[in-house]
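Next come the chains, spelled out residue by residue.
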Amino acid sequence: FSPCFISGWSAAQHWSLTEQVFRSVCVSTARKPRTRKQKLGGTEFVLRTVPQTQFFGLKTVWRGRTRVQVTDPSRTIVDLFSDPSLGGGLRSSMDMLENYLRAKDQADLKLVLKYADQLGNRAVFKRLGFLLQRIAPEQKGIIKECAERLSAGYTKLDPQLASARLATEWRLWLPAGW
């Protein structure tokens, strides 16, 4: 799939941000594959196409004698809140954020903001700021920086769920129960 990198739930597993076991490997590639799901050597790969400009925040890891690019923990968080389905949905992505915040050696919210700026998806700031307000209210400076980066439009907190209520402060449509 080269050029490519491991992202989403697979990167979250690599960095111990989740204990959930996923049956497939999430791969971001600059190529446009014919099929988004491919099975090779008994392993299922889920492919997503990204532009070369999104090849940042990567770490090289070794799997045996094979060199593999994986999003670093901060970039993984950005990807999860750019597209919550990359973490298996919003609830799983939120759990991964909580684990990221607990991992003091990995957590760098300033770097998360830098990567989110570089990615250019303003929905990341809406989702991240909203969730940090709930699970880490002590992160006042980061929450404020997220609020300063909001776009004018409205975004769903979880694009895969029906949304009934609007959180106007964050310009987010919230699913029932939030």
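Above this text is the structure in question.
These numbers come from a predicted model, not from an experiment.

Draft legend 1. Summary view of helix α6 (residues 140-148). All of the buried residues along α6 are I142, I143, E145 and C146. The arc that holds every buried residue of α6, seen down its axis, measures 160 degrees, which confines them to one face. Summarising the geometry of α6, the exposed residues directed more than 90 degrees from the buried face are K140, K144 and E148. Buried residues along α6 sit in contact with α4 (109-119) and α5 (123-135).

Draft legend 2. Structural view of the pairing of strand β8 (residues 163-167). Relative to strand β9 (residues 172-175), β8 runs antiparallel, the two sharing four bridges. Residue pairing in the sheet places S163 in a bridge with P175 of β9. Where β8 hands over to β9, the hairpin turn is made up of four residues, of which R171 adopts a positive phi near 55 degrees.

Draft legend 3. Geometry of the sheet that holds β8. Read from one edge to the other, the open sheet built from three strands follows the order β7-β9-β8, with strand pairing classed as mixed. Of all strands in the sheet, those with a lone pairing partner are β7 (155-156) and β8, marking the two edges.

Draft legend 4. Broad picture of the layout of surface pockets. Computed from the structure, the largest pocket encloses a volume of approximately 480 Å³. Contributing to the lining of the largest pocket are 21 residues, with I6, V25, V68, Q69 and V70 lying nearest its centre. When contributions to the lining of the largest pocket are tallied by element, the ones reaching two or more residues are β1 (4-6), α1 (8-14), β2 (24-29), β5 (58-63) and β6 (66-71). Counting residues per element, the lining of the largest pocket draws most heavily on β6, at four residues. In terms of residue class, the lining of the largest pocket is made up of twelve nonpolar, six polar and three charged.

Draft legend 5. Just the pattern of salt bridges, in detail. Tallied over the entire structure, the rule returns six salt bridges. Where D117 meets R122, a salt bridge forms, and the shortest distance between an N and an O atom there is 3.5 Å. Since its relative accessible area comes to 32%, D117 is described here as partly exposed. On the basis of relative accessible area, R122 is assigned to the partly exposed category, the value being 34%. One connected set of salt bridges, linked through shared partners, spans K110, D117, R122, E145 and R149.

Draft legend 6. Spotlight on the environment of T35. Within the fold, T35 resides in the loop between β2 and β3 (37-40). Judged by relative accessible area, T35 falls into the partly exposed class, the value being 42%. Put simply, T35 and G120 are 85 residues apart on the chain and 26 Å apart in space, counted from C-alpha to C-alpha.

Draft legend 7. Structural detail: the side chain of S7. Mapped onto the fold, S7 is located in the loop between β1 and α1. We classify S7 as buried; its relative accessible area is 0%. A polar side-chain atom of S7 sits 2.7 Å from a polar atom in the side chain of S28.

Draft legend 8. How the structure looks around the packing of aromatic side chains. For the coordinates displayed, the defined rule picks out five aromatic pairs. Residues F5 and F55 carry aromatic rings whose centres are separated by 4.9 Å and whose planes lie at 90 degrees to one another, so their mutual orientation is edge-to-face. Here F55 lies in the loop between β4 (43-49) and β5 and F5 lies in strand β1, a separation of 50 residues in the sequence. Among the residues examined, F5 registers a relative accessible area of 0% and is labelled buried. Between F130 and W178, the aromatic rings sit 6.1 Å apart at their centres with planes inclined by 50 degrees, giving tilted as the arrangement. Pair noted here: F130 is in helix α5 and W178 is in the segment after β9, with a separation of 48 residues, a long-range link. Positioned above the aromatic ring of F56 is the side chain of R75, whose terminal nitrogen or guanidinium carbon lies 4.3 Å from the ring centre.

Here is what the cut-offs are and how they apply
Residues numbered from 1 in each chain as written. Predicted model: local features only at pLDDT ≥ 70, side-chain atom pairs only at ≥ 80, totals over all residues. Heavy atoms only, no water. Buried < 20%, exposed > 50% of the residue type's maximum accessible area, 1.4 Å probe, protein only. Helix = DSSP H or I, 4+ residues; strand = E, 2+ residues; numbered from the N terminus. Arc of directions from axis to C-beta. Contact = heavy atoms within 4.5 Å. Pairing = 2+ DSSP bridges. 1 Å grid on protein atoms, 1.4 Å probe; cavity = no way out; pocket = protein on both sides within 12 Å on 5 of 7 lines; lining within 4 Å. Points joined across faces, edges and corners; volume = space filled by probe spheres on them. Nonpolar A, V, L, I, M, F, W, Y, C, P; charged D, E, K, R; others polar. Salt bridge = Lys/Arg side-chain N within 4 Å of Asp/Glu carboxyl O. Polar contact = N/O pair within 3.5 Å; in protein donor to acceptor, adjacent residues only side chain to side chain. Phe/Tyr/Trp six-rings, centres within 6.5 Å; stacked < 30°, edge-to-face > 60°. Lys NZ or Arg CZ within 6 Å of the ring centre and 35° of its normal.

The analysis is restricted to geometry; functional conclusions fall outside its scope.
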